[in-house]
Structures are given as structure tokens and as C-alpha cells.
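If you want the building blocks of each chain, they are given just below.
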Amino acid sequence: MTSEPEARGTVDTADSAWDNARAQLDEVADLMGLAPGVHEILRSPKRALVVSVPFRMDDGTTRVYEGYRVHHNVTRGPAKGGVRYHPAVNLNEVKALAMWMTWKCAIAGIPFGGAKGGISVDVRSHSRSEIERMTRRYASEILPFIGPERDIPAPDMNTDEEIMSWIMDTYSMNTGFSVPGVVTGKPVAIGGSRGRAGATSRGVMYTIFSTLRALNLSIDEVSVAIQGYGKVGGYAAQLLHDAGCRVLAVSDVDGGLYREKGLDPEAINRYKQDSGTVSGFPGAEPITNDELLELDVDVLVPAAVEGVITVKNADNVRAKILCEGANGPVTFEADKILNERGIHVVPDILANSGGVTVSYFEWVQDIQAYFWSDEEVNDRLRLIMEKSYEEVHELAAEKGLSMRQAATWIGVSRVAEAHQMRGLFP
Ligand code: NAD
């Protein structure tokens, strides 16, 4: 007996990534005539773990945060997904991010299912040693969930290669031998992959180039605005600048910068290294994050948080192309508005899959204990990104779908096919 489906409907709450993720699935399931049983399976995560993470503060007191790890689907292979440290992290957000990971891996043709994890924490209020103790305790709490054949965490917002090293070390200390394949996005010295640090941004760049080719636009002099100057946005600014684009605006949580003639990401990186933010960079006009999203540019790359483009500002977006570096930056209803207005939206599950693609390469290299060069990594990444874009673009044209509907269709159909092949246990 199947459980009663929950009420379905559309939503536009900027804080409801889970509702958006489900609305996207429901819409495509109807369009493609997905078998109702498979649809119901895919509407919920396979398993979700909520953990309490107590750790010692530098002053000797104890702090306790809530942590999560969700496996959305593992039918095509082990679960894969990042770990996020952010005050807005909650179980529903992690469920949404895990679902998107399932489609993302399937679209890229990578043999992983979708996972995600995180801790509801403001990292700015903790020292690095507190973050280390919190990470190690979180890793040990989710230990039964993870492993190279089960679930492989990676960096996401406010987590980095050092944090991956601590998770890998905690796991390895518990098994008694080194297990590099338990995480990706770790330093090259302990089994990380060349090219992983910039892989998501490089993938975003390849996707922008594919889009420009598909729309018969030239790469030269393309103007770009990027929201978020972290692992994805910061590196993307540099790569796009180096490739000949004019990066007119960037921002981080503290605010943004605009320069009509184009910004120099190298100079911004130097400034950020000292100040910890891009905000206040001399030689550029200050702008707000909201203003950045509404700039008249060829390409807009939201690369920070979810739900920044909603029904409230979708009509004001002036970019020709919106390439989602972040996960879920555009709400379900805002997406409709952008599509009606003829803005070419390249969805997160396609555009930012470069990170998980090179994470897959890292996992393969760890298992084989045989490592690749930068060129091998980048070339293979480019081939996968270009192929994925072409497949999605072709399906969108053939069936009259948006790029997001087409991408979700491909992801869902590959997962559904795997379910059909394996059958329903028992
Ligand atoms: P990060 O922590 O390295 O950087 C996040 C950036 O966003 C920072 O510059 C931060 O100041 C800024 N930011 C945070 N809140 C903001 C706000 N409210 N408004 C404007 N800027 C804000 O994180 P990241 O790894 O670059 O991830 C960014 C996004 O990309 C997330 O949605 C993440 O899930 C997604 N993503 C990351 C990867 C990866 O490999 N790191 C892969 C795929 C998708």
C-alpha cells in the first residue's frame, strides 16, 4: 500500500527550497508521465539523519548545534553531496539540496545518488579550532552514514578542503587505516584531485560558453555580474575575466562592487585576503546585492544562496542569460516569469555540476590510487559539461520545455530507469 501523497501545489517562498524542489519534480513528473509509484518514491528522501553536535569552545564551555545528513536516492550508486555550515541550514533545506544532487549526478552521467549535509551554525562566531572540534564531532555522529561505498561528503558553503581533511581523518581514525575516498574536495597531498578547487566555477564557465554558442553570441566582451565571491563565485570571476569576459559586478554577504569598464578579480582577491570581504574595494562603486541582480548585463551568475530571485524581483532581471552557480537561487514561480520574459536560465543541476563531476574523478582516482594531471581533469570535465548542456538543450527544443524542465526530465528519467531495472525491494 502506498502512502497518501501530500498536497501538491506551487510555492514562492524564498526560504522554501524543499517546496521548490518538490514543485519542480511534480511538474516534470506530470509532463513526462512518470510512473506514480516511482514519483512517490522520488518525492521523499531515502533516509535522513538528524544529529546533535556538542563540542568544546575555546573557553572550556560546551556548545551544541543540530546537524543533518540526508540521502535522497542511491539507486544509481553511492550518495554524494556537500556539507554546508550556515545559520539557515535546516532539515528541509538539506532535503532539497540532496534531491537536486540526485538529478545533477544523473544528468552528468555520474554513478552517484544525491546527498547533502550541514550544521546550523554561524562560522563567523567561532575560532578555527572550535570549527575543527565541531567538524570532527559531526563526522563521528554521521559515521554510520558515510564511506566510499555509501556516501561521500564534499565542500559546500563555508566548508573547505581543510574541513574535508578533518572528516577524512576522523573517519580513518575510526577504521584504523587511511580512507581517502570517504570525502572529496580534500587537499592533493592526501588524495585530492588536481582541478577540484576550481571545478564548479570552471563548469559554470564551460556552461556559459555552451550557452553563448547555442544562442549565437560571441564570447568576447560578454558582460557578467556574479553574486557570491566564495569558492564558486570568486573563481568564476577570475576564470571568466581571464577568458575575455568583462566582469562588471561581484558581491558577497557584506555587499557588492560595480565598475562599468570591468573589475580586476586578481586585485579584488588581494583586497579580500586582507579584509575578508570584497565590500569596500577601492576603485569600484558600491552596490547592494539586490542591485547586482538587476544589472543590465549579458550573463548573471547567482553563486551565493537560495531564493534570491523571487516573484518580487524576477521582472526586474535584465540579464540575457542567467547561469545558476548556486543551488536554488531562483524560486519555482520566478523561474516561470524569467522564461516568459525570454531569459535563458541555465539551471543549477546542469550549470554547477562541475564540482560533483571532478569529485567523481577524485573518488575514482582515490579508489584506483592513480592520479591524473590538470589537463586530464579539465578536458574530461569540459567534455561532460558540453555533452550535458547539449542533451538538455536538445530535449528542451524538441519538447518545448524550459532548460530546467528539460534538465530535470533527463535526471528524473535516468533515476526512474534505474528503479525500473532494479525493481522494488522486497
Ligand atoms: P562559499 O562559502 O565558498 O561562498 C559563498 C559566498 O556567498 C561568499 O562570498 C558569501 O559571502 C556569499 N554570501 C553568503 N550569503 C550571501 C547573501 N545572503 N547574499 C550575497 N552573498 C552571500 O560557498 P560556495 O561553495 O561558493 O557555494 C555557493 C553556492 O554554490 C551554494 O549554493 C552551493 O550550494 C553552490 N555550489 C557549490 C559547489 C562547490 O563545489 N563549492 C558546487 C555546486 C554548488
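The structure this text deals with has already been given above.
Note that the structure is a prediction, hence the values are computed from the model and not measured. (Residues numbered from 1 in each chain as written. Predicted model: local features only at pLDDT ≥ 70, side-chain atom pairs only at ≥ 80, totals over all residues. Heavy atoms only, no water.)

Draft legend 1. Looking closely at the nonpolar core. W103, I226, L240, V250 and V301 are the most contacted members of the largest nonpolar core, which has 79 residues in total. Element by element, the count of residues in this core is highest for helix α3 (residues 91-108), at ten residues. If you count residues domain by domain, this core takes at least three from each of domain 1 (45-177) and domain 2 (199-351). With residues near it in sequence (within four places) discarded, L240 still touches M205, I208, F209, V224, I226, C245 and V247. By size, the runner-up hydrophobic cluster in this structure holds 27 residues, among which are V53, M57, A139 and L143. (Core = buried A, V, L, I, M, F, W, Y, C linked by side-chain atoms within 4.5 Å. Buried < 20%, exposed > 50% of the residue type's maximum accessible area, 1.4 Å probe, protein only. Helix = DSSP H or I, 4+ residues; strand = E, 2+ residues; numbered from the N terminus. Domains from an automatic or database assignment. Contact = heavy atoms within 4.5 Å.)

Draft legend 2. Highlighting a negative patch on the surface. A cluster of like negative charges, contributed by D374, E375, E376 and D379, occupies part of the molecular surface. Taking relative accessible area as the criterion, E376 reaches 35% and is therefore assigned partly exposed. (Patch = residues over 30% accessible without salt bridge, like charges linked within 9 Å, V, L, I, M, F, W, Y side chains within 5 Å. Areas by Shrake-Rupley, 256 points an atom, 1.4 Å probe, with all protein chains shown as cover. Salt bridge = Lys/Arg side-chain N within 4 Å of Asp/Glu carboxyl O. Lys, Arg positive; Asp, Glu negative; His and termini not counted. Charge placed at Lys NZ, Arg CZ, Asp CG, Glu CD.)

Draft legend 3. Summary view of the site of the ligand. Taken together, 22 residues surround the ligand, and among them R84, D156, N158, T200 and N327 come closest. V232 places a polar main-chain atom, nitrogen or oxygen, 2.9 Å from an oxygen atom of the ligand. Protein chains bury 86% of the 830 Å² of accessible surface belonging to the ligand in isolation. Across the shell around the ligand, the residue classes break down as eight nonpolar, nine polar and five charged. There are two domains that each give the shell around the ligand at least three residues, and those are domain 1 (45-177) and domain 2 (199-351). (Near = heavy atom within 4 Å. Polar contact = N/O pair within 3.5 Å; in protein donor to acceptor, adjacent residues only side chain to side chain. Nonpolar A, V, L, I, M, F, W, Y, C, P; charged D, E, K, R; others polar.)

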